[in-house]
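Inside the fold
Now for the letters of each chain:
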Protein chains: 2
Amino acid sequence: MLEIKLKAFFPLLIQHLFLYHYLSSQLPISMACNNKFTLDSVRDALIREEDSIVFSLIERARFPYNSPAYDPSFLGNGFSIAEFYVRGTESLQAKIGRYQKPEDVPFFPNDLPSPLPPTKDSQSQVLLHPASASVTVNKAIWKFYFTELLPLFTTKGDDGNYASTVASDFVCLQAISRRIHYGKYVAEVKFTDAPQDYSPAISSKDRDKLMDLLTFVAVEEAVKKRVEKKARLFSQNVTLDENDSGKTQYKINPLVVSHLYDKWVMPLTKVVEVEYLLLRLS
Amino acid sequence: MLEIKLKAFFPLLIQHLFLYHYLSSQLPISMACNNKFTLDSVRDALIREEDSIVFSLIERARFPYNSPAYDPSFLGNGFSIAEFYVRGTESLQAKIGRYQKPEDVPFFPNDLPSPLPPTKDSQSQVLLHPASASVTVNKAIWKFYFTELLPLFTTKGDDGNYASTVASDFVCLQAISRRIHYGKYVAEVKFTDAPQDYSPAISSKDRDKLMDLLTFVAVEEAVKKRVEKKARLFSQNVTLDENDSGKTQYKINPLVVSHLYDKWVMPLTKVVEVEYLLLRLS
C-alpha cells in the first residue's frame, strides 16, 4: 500500500524536491519555459512576500492592541475604525487601478469603483484560468488576523493611536492576503507541469485528495524555519556595538511568524490552490 | 578664539556626548526626569523610526520608478496618481483621528476633515510649545523624495503597478516626515536642558547660530553608520544556507540610506529644530 502511494507520488515528490532546492538556495536558476511565470518566478515572489509580511508585523507591533479601533460601535456609523479605513482605502486604491491582478484581492469587493486611469491588461490574469478572480479566502484572513494573530504579537493596552494602528493593520492584511492568493499561480504551475496527477481529483471534486497532493511537509518546515530566521534578523535592535549581539530584544517574537505560516498562511494558500484547481477544468 | 568657542560649547558637548553614548548603546538607562519625554525617549523614537524608514524604502524598491504615477496629466483630474492617493488617504486618516500629534504632519493640510471618533488629548502636544503645530517641512520632503531620492533606489521602468507603487510611496513619505518632525521634541529637550545656551540666538533670530548649536558631527556620523548597517541587515536575501552570507544581493543599496540621512533627513530635522526654537520664546 505504501509502495503504491509512493509510486503515485513520485513525480510530485521530484517536483517538490526541486522546489525545496530552490527554496533553500539563492543561486540563479536557468529554466527553459515559455510561461510568463515559472516555478522559479513563483518561488521568488513567495519568498519576497515573506519579507513584506515580517516588516508589516514589526510595524504593527509599534502600537499596543488598541481595542477601540476594532469596536463596531465606536465611530457611530456602524463600522469599526479598522473596517471604515480598509473600506475607504480599498475604494481609493481601486480608483487608481488596484485589484486588477489575481493576487490583489479586496476584503470588501462589493461596490468598488472603476479605475480612473487606463489600466494595462494584466498578463498574469490572462495566464491564469479566468475563474481565478472569484477565488478568495479574505473572510478567513480577516477573522484570524484580528481575533487570533493580533493578540499574539501586540502588547495589551490602548495608546489612542487608532489611525496609525489600523493603517498598519491594512498593510499586514494586504501582505498576508497577497501571499495566500499567490496560491493561484502555485496551483497553475503545478497543474501545468503534471495535469495527469491533478485531473482525476479535480474531476471527482476530491478536495482531500487535492490537499494531499499539494502538501509537502519538508517544504513547509523549510518555509517555517526561514520566516522565523527573517523575523529574528529584521526585528533585532541594531546597534554599532559589535559586542551587542545576543543581548537583543526582538520587536516581535520570531516564533509568532512561524506559527502564522504554520497555522494560517500555508493552510489557506493550499485552500486557494484547491479552489483554483477545482475551477481549472471548467 | 577656539578656546572661547570650546568653553561656550562645553555644556552642549557634554550633553551630546551623552546622546552619542545613548545612540551607540542599547543598555537600559535610568534618568530621573519629570518630563513625559526625555533625551532617552526621544533617542529611542528616532532610532525606532530608522527601522520604519528602511523597511518602507525596501518595500517601495519592489516596483520600478513607474513615472506615469507621477504625471499630473495622467488621471485627467489635475492630480498625479501619487498626489490623488496621498490627498485621499490623508483625508481618510484625518477622519479617524490622525494628525493630532506634533510629529504627524499632513502633506496637504488644507481642507482636512475633522476626526469622527473622540480623540484623546495628545500629551505630547501639550508638552511642546503650542506654536509647534505650524512647523512643517513637508513641501521640501515631497520635492526631494520624488525628484532626487526615488531615482536612486528604484530601477528604471514601468510595470503598471501604480496603485501599489504610490501606496508604498505614501508609507515612505509618512515615515520620513515623522522622523524629521520629531525634531520638535529634540529641540524641546535640548532647550529645556540648557535654555541659557539657546535663548540669545533665539532672541536675535540667528538661524546660523542655532544651526551651529544643533550640529554635532560625531553623532551624525554614528547615525549614518547605523542606518547603513540596518539597510544591509534588513535588505539582505535571507536563506537557510549558512554558507550563503557574503553572496547576498541587497534589495536597496545601503549607501542610499546613509545618503538620505546625510543629505536630507538630518539637515531637515535641524531645520525643524531651528524653526521650533524660533517660536519657543513667543
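The following refers to the structure shown. (Residues numbered from 1 in each chain as written. Chains lettered and ligands numbered in written order. Predicted model: local features only at pLDDT ≥ 70, side-chain atom pairs only at ≥ 80, totals over all residues. Heavy atoms only, no water.)

Attention now goes to the side chain of arginine 43 of chain B. Looking at where arginine 43 of chain B falls in the secondary structure, it is placed in helix α2 (residues 39-60). Judged by relative accessible area, which is 6%, arginine 43 of chain B ranks as buried. (Helix = DSSP H or I, 4+ residues; strand = E, 2+ residues; numbered from the N terminus. Buried < 20%, exposed > 50% of the residue type's maximum accessible area, 1.4 Å probe, protein only.)

As a further point, take helix α6 (residues 162-181) of chain A. Under the 1.5 Å per step criterion, the end-to-end length of α6 of chain A is 28 Å for 20 residues, consistent within 8% with the ideal 28 Å. Within α6 of chain A, 19 of the 20 residues are buried, which leaves the element mostly enclosed by the surrounding structure. (Expected span 1.5 Å × (residues − 1).)

This brings us to the interface of chain B and chain A. Opposite the 57 residues of chain B that make contact, chain A presents 57 residues. Across the interface of chain B and chain A, roughly 5,000 Å² is buried in total on both sides, 64% from carbon and sulfur atoms. The largest contributions to the chain B side of the interface with chain A come from Ile96, Val238 and Leu240 of chain B, which together make up 14% of the buried area. Summed over the shared surface of chain B and chain A, the number is 6 salt bridges. Inspection of the region where chain B meets chain A yields 18 residue pairs in polar contact (both at pLDDT 80 or more). Per-element tally for the side of chain B that touches chain A: the top contributor is helix α3 (residues 81-95) of chain B, with 8 residues. (Contact = heavy atoms within 4.5 Å. Buried area = accessible area lost by both parts, 1.4 Å probe. Salt bridge = Lys/Arg side-chain N within 4 Å of Asp/Glu carboxyl O. Polar contact = N/O pair within 3.5 Å; in protein donor to acceptor, adjacent residues only side chain to side chain.)

Moving on, we get to the state of the cysteines. Applying the stated rule across the entire model yields 0 disulfides over all chains. Of all cysteine sulfurs in the structure, the one in cysteine 172 of chain B sits closest to cysteine 172 of chain A, which takes part in no disulfide; the separation is 16 Å. For cysteine 172 of chain B, a relative accessible area of 0% corresponds to the buried category. (Disulfide = S-S within 2.5 Å.)

Next up on the list: the side chain of serine 258 of chain A. Residues and elements named next belong to chain A. Within the secondary structure, serine 258 sits in helix α11 (residues 254-280). Here the side chain of serine 258 touches leucine 255 through a polar contact of 3.1 Å, landing on its backbone oxygen. Setting aside chain neighbours within four positions, we find serine 258 in contact with Lys224, Val227 and Glu228.

Let's shift gears to the packing of aromatic side chains. Residues and elements named next belong to chain B. Using the criterion set out here, one finds 24 aromatic pairs over all chains in the structure. On the numbers, 5.0 Å between centres and 45° between planes, the contact of phenylalanine 55 with phenylalanine 234 is tilted. Taken together, the positions of phenylalanine 55 in helix α2 and phenylalanine 234 in helix α10 (residues 217-234) put the pair 179 residues apart, joining distant regions of the chain. The same class applies to phenylalanine 55 and to phenylalanine 234, which are both buried. For the ring pair tyrosine 145 and phenylalanine 146, a centre distance of 4.9 Å and an interplane angle of 85° mean the geometry is edge-to-face. (Phe/Tyr/Trp six-rings, centres within 6.5 Å; stacked < 30°, edge-to-face > 60°.)

Turning next to the pattern of salt bridges. All names here are of chain A. Per the counting criterion, the structure on display carries 44 salt bridges over all chains. Measuring nitrogen to oxygen at the nearest pair gives 2.7 Å for the salt bridge that ties glutamate 50 to arginine 226. Here glutamate 50, found in helix α2 (residues 39-60), pairs with arginine 226, found in helix α10 (residues 217-234); they are 176 residues apart in sequence, far enough to count as distant. The buried category is assigned to glutamate 50, whose relative accessible area is 1%. Residue class for arginine 226 comes out buried when judged on its relative accessible area of 0%.

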